[in-house]
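# Chain and residue survey
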Amino acid sequence: MAKLYFRYGAMNSGKSTALIQVAFNYEERGMTVKILKPQIDEKGGGHLVSRIGVTREVDCLVGPKDDLVDQVSQMLLQGPIHCILVDEAQFLTKEQVDQLLEVTVTLNVPVIAYGLRTDFSTKGFPGSERLLLLAHTIEEMKTICTCGRKATFNGRMVKGRFVFEGDQVAIDNQADIQYQSLCPQCYFRLKEEAKAPTK
């Protein structure tokens, strides 16, 4: 039986790079993969863009109302699919994650979803929360903080300063927004420093 996999990690843990590598591995063996990405992630447009400069065209940009069972069923009319790969899966709706599970069960197509577990304020994304509940297999992709400890949090910087309030979704490298993976110790230290009055 096909399975739904969720591979999560903090920013800069190599999720998009790993997805592109998985796609290459399948295709090197003559197998077909389809890559999906939520439309809300405007970085790269119709391409995946990894931090190390590797890019890959996306097969389907997913809108918030799209039915993924229907979309994969339509793709299957063109021939077999050996794996569905989803980047930025945290931006999927809960319903779409349910649909990915249905793809594995009723269409027998494996799905590997890559994404963040939490946002910059340590709150869960709806898509990630549902994946943590439904995925057959959950795997953490590790990265490190600037201090050398394991990073599990995502720090948001606006114009070079860490912020801890704002909209949940703000794409990096747009409107002076950047992200940095942080260990819990550095995250809470920076959060306290942000509360201190500026001189």
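Residues numbered from 1 in each chain as written. Predicted model: local features only at pLDDT ≥ 70, side-chain atom pairs only at ≥ 80, totals over all residues. Heavy atoms only, no water.

### Here we look at empty space enclosed by the protein
As enumerated under the stated definition, the model contains 1 cavity of 30 Å³ or more in all. Approximately 70 Å³ is the volume attributed to the largest cavity. In terms of lining residues, the largest cavity is bounded by Y8, G9, A10, R117, T118, E140, M141, A151, T152 and N154. (1 Å grid on protein atoms, 1.4 Å probe; cavity = no way out; pocket = protein on both sides within 12 Å on 5 of 7 lines; lining within 4 Å. Points joined across faces, edges and corners; volume = space filled by probe spheres on them.)

### Quick notes on the sheet that holds strand β13 (residues 177–182)
With respect to topology, 3 strands assemble into an open sheet ordered β12-β11-β13, the strand pairing being antiparallel. The outermost strands of the open sheet, each flanked by one partner alone, are β12 (161–163) and β13. Shown here is a sheet whose adjacent strand axes are inclined to one another by a mean of 45°, direction ignored. Pairing geometry for strand β11 (residues 153–158) and β12, over 3 bridges, is antiparallel. Within β12, the residue paired with V158 across the bridge is R161. (Pairing = 2+ DSSP bridges. Helix = DSSP H or I, 4+ residues; strand = E, 2+ residues; numbered from the N terminus. Axes fitted to C-alpha atoms, helices over the stretch in contact; angles between N-to-C directions.)

### Notes on the layout of surface pockets
The space that makes up the second largest pocket amounts to roughly 170 Å³. Around the second largest pocket, the lining comprises 15 residues; the ones closest to its centre are I40, P64, F91, L92 and T93.

### With respect to the packing of helix α2 (residues 68–76) against helix α3 (residues 94–106)
Between α2 and α3, the least distance of the axes is 8 Å, while the angle of their chain directions is 40°. Relative to α3, the element α2 is oriented oblique. Counting all contacts with α2, which are made through L68, V69 and V72, the residues of α3 involved are Q96, Q99, L100, E102 and V103. Here the contact of α2 with α3 is composed, by residue class, of 5 nonpolar, 2 polar and 1 charged. (Parallel < 35°, antiparallel > 145°, perpendicular 65-115°, else oblique. Contact = heavy atoms within 4.5 Å. Nonpolar A, V, L, I, M, F, W, Y, C, P; charged D, E, K, R; others polar.)

### Here we look at the confidence of the model for the chain
Summing up the model confidence of the chain, the mean pLDDT is 91 and the portion of residues at 70 or higher is 96%. Strand β3 (residues 47–49) is the least confidently modelled element of the chain, averaging 79 in pLDDT, while strand β6 (residues 83–86) averages 98, the highest of any element. (pLDDT = per-residue confidence, 0-100.)

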